[in-house]
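Listed below, chain by chain, are the residues.
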Amino acid sequence: MLGNFIYSNPTKLYFGEDSLDNLKSELANYGTKIQLVYGGGSIKKNGIYDQVVDILNEAGKTVFEDPGVMPNPTVKKLYEGCRIAKENDVDLILAVGGGSTVDYAKAVSVSAYCEEDPWEKYYIRMEDADNKIIPVGCVLTMVGTGSEMNGGAVITNHESKLKIGHVFGDNVFPKFSILNPKFTYTLPKYQMVSGFYDIFNHITEQYFSDTDDNTSDYIMEGLMRSLIYSSRIAITNPENYEARSNIMWTATWALNTLVAKGKTTDWMVHMIGQSVGAYTDAAHGMTLSAVSMAYYRHICPYGLAKFVRFARNVWEIDTTGKSDEQAAAEGLEKMENWMREIGLVMNLTELGVTEDMLEGIAEGSFISEGGYKTLNHKEIIEILRESM
Ligand code: NZQ
Ligand code: ZN
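Now for a look at the structure at hand. Fair warning: this is a prediction, and the values are worked out from it, not measured in the lab.

## Some words on the site of ligand 1
Taken together, 31 residues surround ligand 1, and among them Gly40, Ser42, Gly99, Ser100 and Asp103 come closest. In the model, an oxygen atom of ligand 1 is placed 2.7 Å from a nitrogen or oxygen of the Ser42 side chain. In the environment of ligand 1, an oxygen atom lies 2.9 Å from a nitrogen or oxygen atom belonging to the side chain of His270. Taken by itself ligand 1 offers 970 Å² of open surface, and the protein chains cover 89% of this. Taken together, the elements giving at least two residues each to the shell around ligand 1 come down to helix H5 (99-111), strand S6 (152-157), helix H7 (189-207) and helix H10 (268-280). Here the residues of the shell around ligand 1 are counted per class, giving eight nonpolar, 20 polar and three charged.

## Topic: the coordination of the zinc ion (ligand 2)
Distances from the zinc ion (ligand 2) to its protein donors, Asp198 (OD), His202 (NE2), His270 (NE2) and His284 (NE2), fall within 2.0 to 2.1 Å. As a motif over one chain, the donors of the zinc ion (ligand 2) read D-x3-H-x67-H-x13-H. Note that His202 is positioned in helix H7 and His270 in helix H10, a separation of 68 residues in sequence. Overall, His202 belongs to the buried group, its relative accessible area being 2%.

## A few points about helix H13 (residues 324-342)
Across its 19 residues, H13 extends 28 Å between first and last C-alpha, which sits within 8% of the 27 Å expected from 1.5 Å per residue. All of the buried residues along H13 are Ala327, Ala328, Gly331, Leu332, Met335, Glu336, Trp338, Met339 and Ile342. The inward-facing, buried residues of H13 contact H7, helix H8 (215-236), helix H11 (284-299) and helix H12 (304-313).

## Thoughts on the side chain of Asn150
Tracing the backbone through its elements, the reader meets Asn150 in the loop between strand S5 (136-140) and S6. Separated by 2.9 Å, the side chain of Asn150 and the backbone oxygen of Gly146 make a polar contact. From its side chain, Asn150 meets the backbone oxygen of Leu255 in a polar contact 3.0 Å long.

Reading the values: rules and limits
- Residues numbered from 1 in each chain as written.
- Chains lettered and ligands numbered in written order.
- Predicted model: local features only at pLDDT ≥ 70, side-chain atom pairs only at ≥ 80, totals over all residues.
- Heavy atoms only, no water.
- Near = heavy atom within 4 Å.
- Polar contact = N/O pair within 3.5 Å; in protein donor to acceptor, adjacent residues only side chain to side chain.
- Areas by Shrake-Rupley, 256 points an atom, 1.4 Å probe, with all protein chains shown as cover.
- Helix = DSSP H or I, 4+ residues; strand = E, 2+ residues; numbered from the N terminus.
- Nonpolar A, V, L, I, M, F, W, Y, C, P; charged D, E, K, R; others polar.
- Donors = N, O, S within 2.8 Å, 3.2 Å for Na, K, Ca; no water.
- Buried < 20%, exposed > 50% of the residue type's maximum accessible area, 1.4 Å probe, protein only.
- Expected span 1.5 Å × (residues − 1).
- Contact = heavy atoms within 4.5 Å.

This is the structure:
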């Protein structure tokens, strides 16, 4: 393991079909005023809202509703959440939903008592939170982002056409997260597979970096194999508990900081995908799938040995007698076939991207330097064109 690092993850996880039973005892750790954050109404349709509100009532809490968190939460909504939190002096923000809801809750937690514009402070200047932080708890209903056990909070600013993630420190991680795989059964297939690819790409963003032998890479190969296996079961039988629970657990480990240890990590697909999101508001995982094949084929020659290892260890390609280039290409082909098989969006046109947006999308893609090739503007344009 290269480098020096600290590993600590303060989020307490409750996992399994009975995990919501633990909410009441967790709530005892906080004051009476709860900001209940949720999205556009899926939790009202599938009954999760009623279950959570019953527990809040039994625990004697006063609930301040904060509904309507949209997919890819906006800075405008963030200001609204800050107002609710501050006016009511809430003791806990309870997020019930997917990554958007949980990210938003974290953004509110650091922004409510921020004395300047939180967008400028956290998303433009990327400063740390140095004011009061409201604790966040989470009941997860969509799997993919890892937001349940990390400090990420991605916010979209439609005026400036920027979608930016701030990765806060462990003082902003959810204090607890409740993960019931059955709560994800009602996800539409499009969202379900979008989340599957988000998980996969979180892993590849961290896997395709560095050349040393690192335990993190072996863990990631295991996570990818588990995800590929379970995803194939879940698309034909979405209520297969074994598959959905394994996927939920894989998603958490894919982005809870563990597998990044001792690695530089890439994140370029996410940088491009987020910029696509700022222009289209498309589902996060689909913005990643649409650009991935062009990106990975582009960087493959710069990290060839790792792509051969990926082919062999993740896709079970027999590499004997093959050139490295051929073995690596076969691995990427298998990855593409799997992506098509589970029904991902494989081009930008389908997400509403038009030729006139490409310059702006490239401009809004922050260049990351941890992968095998630091891209320049021209290369991003090429990747976007190939992805149309
Ligand atoms: O809003 P509701 O009505 O709840 O519907 C949501 C939403 O329309 C629906 N949904 C969620 N759970 C459901 C359900 N529908 C039926 N049954 C359920 N059980 O699914 C839709 C998408 O939800 P959303 O929360 O937007 O999806 P996701 O979890 O993919 O989150 C995406 C956001 O997370 C950010 C993304 O950029 C995006 O803004 N990310 C956060 C990260 C982090 N914290 O580390 C990292 C990721 O790379 C990502 O950038
Ligand atoms: Zn992601």
